[in-house]
Amino acid sequence: MIAARRHATLALGRFGLAVHGGAGTIERADMGGPREARQRAALARALTAGYALLREGASALDAVAAAVLVLEDSPLFNAGRGAAFNADGRHELDAAIADGATLAAGSVAALRRARNPVLVARAVMQHTPHVMLAGPAADRFARRRGLALMPAAYFATAHRRRAWLRGRVDGGGHGTVGAVALDRAGNLAAATSTGGTTGKLAGRVGDSPIVGAGVYADNSTCAVSATGTGEYFIRTVAAHDIAARMRYRGESLAEAAHAVLARIARLGGAGGVIALDRRGRLAMPFNSALMYRGSVGERARLSVAIYR
Ligand code: ASP
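Residues numbered from 1 in each chain as written. Predicted model: local features only at pLDDT ≥ 70, side-chain atom pairs only at ≥ 80, totals over all residues. Heavy atoms only, no water.

## Re the environment of Gly199
In this fold, Gly199 is placed in the loop between β7 (188–194) and β8 (215–217). Taking relative accessible area as the criterion, Gly199 reaches 24% and is therefore assigned partly exposed. Spatially, the C-alpha atoms of Gly199 and Val108 are 20 Å apart, while their sequence positions differ by 91 residues. (Helix = DSSP H or I, 4+ residues; strand = E, 2+ residues; numbered from the N terminus. Buried < 20%, exposed > 50% of the residue type's maximum accessible area, 1.4 Å probe, protein only.)

This is the structure:
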């Protein structure tokens, strides 16, 4: 009973979704301030966009893409516009999307120009025989698919530039975004999108576009989107490990998610996940000071939270 309470899950019902806007440390200046209010509003907009689709019977894939797109377009999160600066003062964007019904996945790494990396990842999944494209060729692929490219300046915000100039390699680099969804047909999907960690070396790829690390979906178990110090999520193959623990050991979603995060903490990593199982149970554990997060479902009102 105690374990059940400690590892709380929320019941979303037969369909619903959750989003995150990154895990990290508390910046006192932002606490309760106008930036925080705008972040909460953006998370609510992302949830509303995804949920409107699910209610109409659209797929979980459509819902996670729509929700992540809202957060990529917001300058407040470290994905798309507002992405973290790397060591060279540039942006390299990573994203992935995963379809729990078919185990199909699409992923992009080190994009520099594509406005919505999640859409490029989805195009890789749907219009190529591959799972992952990287670098300038991935931006060229986006253009060929008719997806929007933006000048480099579009991605830069004063807030992220200050973090870079302060030399803050903060590991959790606030603001990676992600979504998990369950649709009326019982299909799960997940998506994650990020600018990576502030001050990362050029060419560094984090966990977000690595299927099984920062993103995973399998109808037989769960959908997962992760945020935090990506290297640890890659080393522990975190998202897939949550699904594997459920599949092989019969653990509940919450038990599996907590166990994987505890392992990451023991190794010295920090972050969190949003994880949704095929029965609409949601777990959103994190071992960092905060995680921007929210959910809505057939049986759960829209809610957004940041702190514990
Ligand atoms: N996981 C992301 C990365 O390592 C960063 C984050 O979630 O804050 O690229």
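## What to know about the environment of His240
With respect to the helices and strands, the residue His240 is situated in helix α8 (residues 238–249). For the pair His240 and Arg266, spaced 26 residues apart in sequence, the C-alpha separation works out to 18 Å.

## Here's the deal with the packing of α8 against helix α9 (residues 253–267)
Two elements in contact, α8 and α9, have axes separated by 9 Å at closest approach and are oriented at 140 degrees. Between α8 and α9, the angle is such that the two are oblique. The two elements α8 and α9 meet at a crossing, and its hand is right-handed. Counted together, Ala238, Asp241, Ile242, Arg245 and Met246 of α8 and Leu253, Ala256, Ala257, Ala259, Val260, Arg263 and Ile264 of α9 form the full contact between these two elements. In terms of residue class, the contact of α8 with α9 is made up of nine nonpolar, no polar and three charged. (Axes fitted to C-alpha atoms, helices over the stretch in contact; angles between N-to-C directions. Parallel < 35°, antiparallel > 145°, perpendicular 65-115°, else oblique. Left-handed = near helix turned anticlockwise from the far one by under 90°. Contact = heavy atoms within 4.5 Å. Nonpolar A, V, L, I, M, F, W, Y, C, P; charged D, E, K, R; others polar.)

## A few points about the pairing of strand β4 (residues 105–111)
Most of β4 is tucked away: seven of the seven residues are buried. Taken together, the five bridges between strand β3 (residues 93–99) and β4 define a ladder with antiparallel strand orientation. By the bridge assignment for β4, Ala98 is matched with Ala105. The hairpin formed by β3 and β4 contains five residues between the paired strands, and Leu103 there has a positive phi angle of roughly 65 degrees. As paired strands, β4 and strand β5 (residues 132–134) are joined by three bridges and run parallel to one another. Paired with Ser107 across the strands is Met132, a residue of β5. You can see the chain leave β4, run along helix α4 (residues 117–127) and come back into β5, and the turn it takes is left-handed. (Pairing = 2+ DSSP bridges. Right-handed = clockwise from strand over helix to strand, strands pointing away.)

## Section: the packing of aromatic side chains
Geometrically, a pair of aromatic rings is defined through the distance of the ring centres and the angle of the planes. This structure, assessed with the given rule, holds four aromatic pairs. Seen in terms of ring centroids, Phe85 and Trp164 are 5.4 Å apart; in terms of plane orientation they differ by 15 degrees. Their pairing is stacked. In this pair, Phe85 is assigned in the loop between α3 (60–73) and β3 and Trp164 in helix α6 (residues 158–165), connecting sequence segments 79 residues apart. Phe85 gets classed as buried once you look at its relative accessible area, which sits at 2%. For Trp164, a relative accessible area of 24% translates into the label partly exposed. (Phe/Tyr/Trp six-rings, centres within 6.5 Å; stacked < 30°, edge-to-face > 60°.)

## Some details on the packing of α4 against helix α5 (residues 136–144)
Closest axis-to-axis distance for the α4/α5 pair is 10 Å, and the angle between their directions is 80 degrees. Our classification of the angle between α4 and α5 gives roughly perpendicular. Along its contact with α4, which presents Val120, Ala123 and Val124, the element α5 presents Ala138, Phe141 and Ala142. Partitioning the contact of α4 with α5 into residue classes produces six nonpolar, no polar and no charged.

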